[in-house]
Every structure is written in C-alpha cells, then in structure tokens.
Amino acid sequence: MTSQCLFCRIAAGDIPSNKVYSDDDVYAFRDINPAAPQHILVIPRKHLSSLNDAGPEDQALMGKLLLSARSIAQELGFADDGFRTVINTGEHGGQTVFHIHVHVLSGRHLSWPPG
Ligand code: 5GP
Ligand code: ZN
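Here the structure is a predicted model, which means the values were calculated and not measured.

Provide a residue-level description of the pattern of salt bridges, including the pertinent values.
Enumeration over the complete set of coordinates arrives at 3 salt bridges. The partner of K64 in a salt bridge is D23, and the shortest N-O contact between them spans 3.1 Å. Here K64 is found in helix α2 (residues 59-76), whereas its partner D23 is found in the loop between β1 (19-22) and β2 (26-30), with 41 residues between them in sequence. Note on K64: relative accessible area 29%, which makes it partly exposed. The partner of K64 in a salt bridge is D25, and the shortest N-O contact between them spans 2.7 Å. In this pair, K64 sits in helix α2 while D25 sits in the loop between β1 and β2, placing the two residues 39 residues apart along the sequence. When its relative accessible area of 33% is taken as the criterion, D25 is described as partly exposed. Through salt bridges with shared partners, a single ionic network connects D23, D25 and K64.

Got a sec to walk through the coordination of the zinc ion (ligand 2)? Specific residues and values, please.
The protein atoms that coordinate the zinc ion (ligand 2) are C5 (SG), C8 (SG), H47 (ND1) and H99 (ND1), at distances of 2.0 to 2.3 Å. Around the zinc ion (ligand 2), the 4 donor atoms sit at angles spanning 106 to 116°, and that spread fits a shape best called tetrahedral. Of note, the zinc ion (ligand 2) draws all its donor residues from one chain, in the sequence arrangement C-x2-C-x38-H-x51-H. Here H99 lies in the loop between α3 (90-93) and β5 (102-106) and H47 lies in the loop between β3 (38-44) and α2, a separation of 52 residues in the sequence. Assessed through its relative accessible area of 24%, H47 is described here as partly exposed. Since its relative accessible area comes to 0%, H99 is described here as buried.

How would you summarise the pairing of β1 if you had to cite specific residues and measurements?
With 3 bridges connecting them, β1 and β2 associate as antiparallel partners. Directly across from Y21, in β2, lies its bridge partner A28. Remark: 3 residues form the turn of the hairpin made by β1 and β2, two consecutive strands paired antiparallel.

How would you explain the sheet that holds strand β4 (residues 84-86) if you had to name every residue and give the values?
Within the open sheet, the 5 strands sit side by side as β1-β2-β3-β5-β4. Their pairing is antiparallel. Two strands close off the open sheet at either side, each with one partner strand: β1 and β4. Sheet twist, expressed as the average angle between the axes of neighbouring strands with direction ignored, equals 20°. Contacting β1, β2, β3, β4 and β5, α2 crosses the sheet at an angle of about 150° to β3.

Requested: an account of the packing of aromatic side chains, with residues and values cited.
Counted according to the given criterion, the structure contains 3 aromatic pairs. Between Y27 and F29 the ring centres are 5.8 Å apart and the planes differ by 35°, which places this aromatic pair in the tilted class. A relative accessible area of 8% places Y27 in the buried class. According to the relative accessible area criterion, F29 is buried, its value standing at 4%. Taken together, a centroid distance of 6.1 Å and an interplanar angle of 70° make the contact between F78 and F83 edge-to-face.

What counts, and at which threshold
Residues numbered from 1 in each chain as written. Chains lettered and ligands numbered in written order. Predicted model: local features only at pLDDT ≥ 70, side-chain atom pairs only at ≥ 80, totals over all residues. Heavy atoms only, no water. Salt bridge = Lys/Arg side-chain N within 4 Å of Asp/Glu carboxyl O. Helix = DSSP H or I, 4+ residues; strand = E, 2+ residues; numbered from the N terminus. Buried < 20%, exposed > 50% of the residue type's maximum accessible area, 1.4 Å probe, protein only. Donors = N, O, S within 2.8 Å, 3.2 Å for Na, K, Ca; no water. Tetrahedral: all angles 85-135°; square planar, octahedral: opposite > 155°, others 65-115°. Pairing = 2+ DSSP bridges. Axes fitted to C-alpha atoms, helices over the stretch in contact; angles between N-to-C directions. Contact = heavy atoms within 4.5 Å. Phe/Tyr/Trp six-rings, centres within 6.5 Å; stacked < 30°, edge-to-face > 60°.

Structure, rendered in structure tokens:
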C-alpha cells in the first residue's frame, strides 16, 4: 500500500469504486471513464508501478491477474462474445496511473490496431 497511489487507495477502500471482484491478491473495479460498454480494471493489491517493475517474484501474481480478468469476463457474461485485455506501460504505452492494471474491455467490436 502506497498512500499516495490512487489505485492502492481504491483497493484499500479509502476511495470509492464500483467493485466487481476482490480477493486477498486482486481487486477489480469499473473504469471511471469507460472506453467501451464494459470496461473493468484488474489490479494487484501489491503496489507495482508498471509492468517494468514486475520481477520474477511476481510471476504467480501476474498470472493470477490475467486469469482473474478471464473469470470476471465469464462472471459478467461477455467472455464468449469476446473481450480485450490491455496493459499500458510507460509514456509511449499511454499509461496514466502508475499502479499496474489490466484493462478488460468488451460490449462492442473493438478495432485494431490501437491509435
Ligand atoms: P492507463 O491510462 O494508466 O492505462 O489507465 C488508467 C485508467 O484509470 C483510465 O482508463 C482512467 O479512466 C481510469 N481511472 C483514473 N482515475 C480513476 C478513478 O479514480 N477511478 C476509476 N474507477 N478509474 C480511474
Ligand atoms: Zn499503488
């Protein structure tokens, strides 16, 4: 928990969010500015600034994030229609919040490649 970090504070419940999933390692909530009809952010409770800061000790946690994204897609009913998982990293990746998060987007056909 980093007290200055927005997503650490959201995971801790200090800042309100629209929660969709929570366990000891992972917290998931709806994006405040959705880019698709379904837009969920899946984050580890552990503070990691970005994928650049994940190390070998985070291997299981990174796997859990991705499988949590899949489970959430199933629970919310859009797994079979399809969805997109995205991790933006650093400036060129378009990252704006420096606590690693997996975007889960669905509910419309998503174009490719991204802008
Ligand atoms: P990034 O640009 O870092 O990949 O994604 C950050 C995401 O966090 C953006 O999609 C943005 O809308 C979302 N976001 C930023 N602040 C908040 C907030 O306070 N609450 C929620 N639920 N989402 C946020
Ligand atoms: Zn954090």
